[in-house]
Amino acid sequence: MQPAKIEITDLSLRFGDRTVLEQINLHLPAHQVTAFIGASGCGKSTLLKCINRLNDLNELCHTLGSVYLDGEDIYQKYYDLPELRRRVGMVFQTPNPFPMSIYDNVVFGLRLLGVRKRHKLHEVAERSLRQAALWDEVKDQLNRNANELSGGQQQRLVIARALAVEPDVLMLDEPASALDPISTLKIEELITELKQSYTIVLVTHNMHQAARVSDFTVFLDQGRILETGRTRDLFTNPHHKATEDYITGRYA
Ligand SMILES: Nc1ncnc2c1ncn2[C@@H]1O[C@H](COP(=O)(O)OP(=O)(O)OP(=O)(O)O)[C@@H](O)[C@H]1O
């Protein structure tokens, strides 16, 4: 088995008296893309948000179990949450650039971390925009307001912003579902490129996308893992009828 970047053990989560995740055990290998799939409301986004402890912001949320990042339990009492969120970047379904220039968006996190040196900020802005496959399109207009970019460009900008603080893990929650087919293809190509440097977790409703870009797939059903494995195995030879029904679009 490949070494785990993230190991989840006996994780259960409830919001108030409503159980949303039950007994999740998962091994997410480094430098691989793992896709979370499953019907709406099965807990994909909530599971993602366990990995950067974003659910903790909800006072009704109770979490049991452990999530290890590089062998260290992120749910231990004094874990450094700002550092966790630097190491685990997250991109949401709807592109959410800040209402400021392209440049200021990319270096936002670095400035928060106290980086002031202009040459350092410039260097990181260029590197991150190149990594997000956006540099060539915006290099002559870095002062332009980010909201003037197309949706697909905005999403790549948000990915550049996440990469600027040098995370280890990149979590993408339906990153292309609001985008046109060409922008979607660019994001998929980008995911394949980025896995060389990052561990990627992808939530998607698009089965073709999961099959195209992920190495491992986790199928969730009502807060439990019903099936997990290498994507090519799970898609060609699912063990459960529910998995087969879901990936072939026959889910009731
Ligand atoms: N902040 C919250 N408070 C209470 N319940 C919540 C909260 N967030 C999510 N839930 C519930 O947890 C369940 C799982 O939601 P989640 O968003 O993780 O599902 P999902 O599989 O990502 O769905 P979708 O594919 O529609 O985005 C849902 O029933 C949802 O109503």
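Residues numbered from 1 in each chain as written. Predicted model: local features only at pLDDT ≥ 70, side-chain atom pairs only at ≥ 80, totals over all residues.

Going by what an unreviewed UniProt entry lists, the protein chain is known as Phosphate ABC transporter ATP-binding protein and is assigned to Nitrincola iocasae.

1. Details of the overall build of the protein chain
As a reminder, the rule being used: Where helices and strands are cited, they refer to DSSP runs of H or I of at least four residues and of E of at least two residues respectively, numbered from the N terminus. Radius of gyration here uses only the C-alpha atoms, and the compact-globule reference equals 2.2 Å multiplied by the residue count raised to the power 0.38. Three exposure classes are used, all based on how many other C-beta atoms lie within 10 Å of a residue's own C-beta (placed from the backbone): buried at 20 or more, exposed at 12 or fewer, and partly exposed between those limits. The contact criterion used here is simple: two residues whose C-beta atoms, placed from the backbone, lie within 7 Å are in contact.
Counting secondary structure elements, the protein chain contains ten helices and ten strands. Relative to the 2.2 N^0.38 estimate, which gives 18 Å for 252 residues, the radius of gyration of the protein chain is 18 Å and therefore close to what a compact globule would have. Its C-alpha atoms put the protein chain at 55 × 45 × 35 Å along the principal axes. Across the 252 residues of the protein chain, 39% fall into the buried class. Residue pairs at least 24 apart in sequence account for 67% of intrachain contacts in the protein chain once pairs closer than 6 positions are excluded.

2. Overview of the site of the ligand
Note the following rule: Placing the C-beta atom from the backbone, one calls a residue near a molecule or strand if that atom lies within 6 Å of it. Charged residues are taken to be Asp, Glu, Lys and Arg, nonpolar residues to be Ala, Val, Leu, Ile, Met, Phe, Trp, Tyr, Cys and Pro, and polar residues to be all remaining types, Gly included.
Taken together, the residues surrounding the ligand are Phe15, Val20, Gly38, Ser40, Gly41, Cys42, Gly43, Lys44, Ser45, Thr46, Asn58 and Leu60. The dominant element in the shell around the ligand, judged by the number of residues it contributes, is helix α1 (residues 44–51), at three residues. Classifying every residue of the shell around the ligand gives four nonpolar, seven polar and one charged.

3. Section: the pairing of strand β10 (residues 224–230)
Heads up, the condition is: We call two strands paired when DSSP finds no fewer than two bridges between them.
Note: strand β9 (residues 216–221) against β10, six bridges, orientation antiparallel. If you follow Val218 over to β10, its bridge partner there is Thr228.

4. So, α1
Extensive coverage of α1 is indicated by the burial of six of its eight residues. Within α1, the full set of buried residues consists of Lys44, Thr46, Leu47, Leu48, Cys50 and Ile51. Positive backbone phi, at 55 degrees, marks Arg53, one or two positions downstream of α1.

5. Brief notes about the sheet that holds strand β1 (residues 4–15)
Pairing is antiparallel in the open sheet, where four strands are placed in the order β2-β1-β4-β5. Whereas interior strands pair on both sides, the edge strands pair on one side only; in this sheet they are β2 (18–29) and β5 (72–73). Relative to β5, strand β4 (residues 61–69) runs antiparallel, the two being bridged by two bridges. Considered in β5, the bridge of Leu69 is made with Glu72.

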